[in-house]
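This is what each chain is made of:
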Amino acid sequence: MIIDKSFRISKVDERIYGSFIEHLGRAVYGGVFEPGHPDADENGFRKDVMELVKKLQVPIIRYPGGNMVSAYDWEDGVGPKEDRPNRLELAWRTIETNDVGTNEFMEWSKKVNAEVMMAINLGTRGIDAARNFIEYCNHPGGSKYSDLRIQHGYKYPHNIKTWCLGNEMDGPWQVGHKTAEEYGRLASETGKAMKLVDPSIELVSCGSSNSKMPTFPEWEATTLDHTYDVADYVSLHQYYGNHENDTANYLAKSMDMDHFIKTVIATCDYIKAKKRSKKTMMLSFDEWNVWYHSTQQDSKLEPWTVAPPQLEDVYNFEDALLVGSMLMSFLRHADRVKMAAMAQLVNVIAPIMTENGGKAWKQTIFYPYMHVSVFGRGVSLHPVISSPKYDSKEFTDIPYIDSAVVHNEENEELNVFLVNRHLTEGIDLSIDVRSFEDYQIVEHIVLEHDDMKATNTVIKEEVAPHTNGNSKLQDGLLESRLNKGSWNVIRLKKY
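The structure contained in this document is the topic of the report that follows. (Residues numbered from 1 in each chain as written. Predicted model: local features only at pLDDT ≥ 70, side-chain atom pairs only at ≥ 80, totals over all residues. Heavy atoms only, no water.)

### Observations concerning the nonpolar core
I3, W108, W163, W288, F330, L345 and L414 are the most contacted members of the largest nonpolar core, which totals 155 residues. Broken down by element, this core gets its largest block of residues, 10 residues, from helix α10 (residues 317–332). If sequence neighbours within four positions are ignored, W288 has contacts with Q238, Y239, M257, V323, M326, L327, F330, A340, A341, M342 and A343. (Core = buried A, V, L, I, M, F, W, Y, C linked by side-chain atoms within 4.5 Å. Buried < 20%, exposed > 50% of the residue type's maximum accessible area, 1.4 Å probe, protein only. Helix = DSSP H or I, 4+ residues; strand = E, 2+ residues; numbered from the N terminus. Contact = heavy atoms within 4.5 Å.)

Set out below in structure tokens:
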């Protein structure tokens, strides 16, 4: 591998390390919010969860959905709690109590040092509800909805700067599912009204729900024809699973993510050319993760209960390796992917799990997410790498070594992220870092385990990183041993 400081891709937008909390399962109730818990603060928020979120350094959190937002009335979640209604939540067929709403979530997000990416309902609602909602959130005062916020005890506006124009509107499962033409027109006019209320906001236009949708990428082309001028980003959603129990194939699925990103970029640039626009559309990968472990369990849940244990995937070691590769895909496309949201943050397909009334703990995927979030701030560099390759059921020419590199110029740090996909052999890697004079190794972090199916529980953290990685630096050549099936972070700093 050759790493040179002049091989720049782009400055990394830290918002690619964002996450997502939906009113789904125990993400909110029993996750971030549990009044009466021994570790709850005066507002009912779990302090143990907040500490884990802070360790991840999550810069932005998407809220309140997700599928749930397509039938959500934002007015239900503001004002005195005793006046808030219980609602049938149609997306996940539960009861929504509205104990937590916009104002409470904004308070919580400040406590974990995160901004909010707010989604609006374009399923059952549209322009009117959206313009009123942004007036409630962002207008200083002197108008109907801003004065209502003040009346509710929030004198100062929330100043939410990022808004999603609906969620997965191409999905037949979505309440208020729309054709591309229907969505494009509604999103364009809604966005226009919202920017009249607050011209400083950024808007995300709905892309396809995943790359396997029969309408992909025609959906992007048709909707962006309408929303290109008003939107600043287009969304991408993708989840992966190892249904076939084929680890070699599973670890290559980040290549599918690379292809997905490239296809959306090409579609955006086609619309740019068609419109003869000078504006470049950026990407918001605002739902991504591994999701397949809990599918069978969820099918047995009774409907219309409050905060049931839905989508509670228990992640194993191989999931952590794929999550690391997915994060590296964002870094390799840092010139166009400017926001992302791991779905989700707590309990629901999440890096953080909790027991109601009990402890919180880190799932296996917590660690690569934390490492890239904490050490992946700076300029993404293009590593030139020659790696042996293999073929799998779905993919060909899969490099055994997956990589991404970030140079933090301000702190004079170089962080190299690597996955060895080889399941039986370690690989020796020589990295030319001669353009980084006087840099020395800080540490070589390794996440590894002999059992690809190993998991973490509330009782025992089976999968955790160590800093005993094998790396030596001499005369600008970094020699590293990457153990079989491992996640590695090699950190260098100028002294």
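### Structural notes on the pattern of salt bridges
Using the criterion set out here, one finds 38 salt bridges in the structure. Measuring nitrogen to oxygen at the nearest pair gives 2.7 Å for the salt bridge that ties R84 to E104. Taken as a pair, R84 in the loop between β3 (60–63) and β4 (87–89) and E104 in helix α2 (residues 102–111) lie far apart in primary sequence, 20 residues in all. The burial state of R84 is the same as that of E104; both residues are buried. With a shortest N-O distance of 2.7 Å, D128 and R131 are connected by a salt bridge. With D128 and R131 both in helix α3 (residues 127–138) and 3 residues apart, the pair spans about one turn of that helix. A relative accessible area of 39% places R131 in the partly exposed class. Because the salt bridges share partners, they merge into one network encompassing D73, E75, D76, R87 and R125. (Salt bridge = Lys/Arg side-chain N within 4 Å of Asp/Glu carboxyl O.)

### Considerations on the packing of aromatic side chains
Counted under the stated rule, the structure contains 19 aromatic pairs. Taking 5.9 Å as the distance between ring centres and 65° as the angle between the ring planes, the aromatic pair formed by W74 and Y145 counts as edge-to-face. Of this pair, W74 sits in the loop between β3 and β4 while Y145 sits in helix α4 (residues 144–151), and the two are 71 residues apart along the sequence. Each member of the pair, W74 as well as Y145, carries the same accessibility label: buried. Here the aromatic rings of F436 and Y439 are separated by 5.3 Å at their centres, their planes lie at 75°, and the arrangement is edge-to-face. Residue F436 shares its accessibility class with Y439, and that shared class is buried. Three or more aromatic residues link up through ring pairs in this structure, and these residues are W74, F133, Y136, Y145 and W163. Here the basic side chain of R62 rests over the ring of F20, its NZ or CZ set 4.6 Å away from the ring centre. A cation sits over an aromatic face here: K279 above Y228, 5.7 Å from the ring centre. (Phe/Tyr/Trp six-rings, centres within 6.5 Å; stacked < 30°, edge-to-face > 60°. Lys NZ or Arg CZ within 6 Å of the ring centre and 35° of its normal.)

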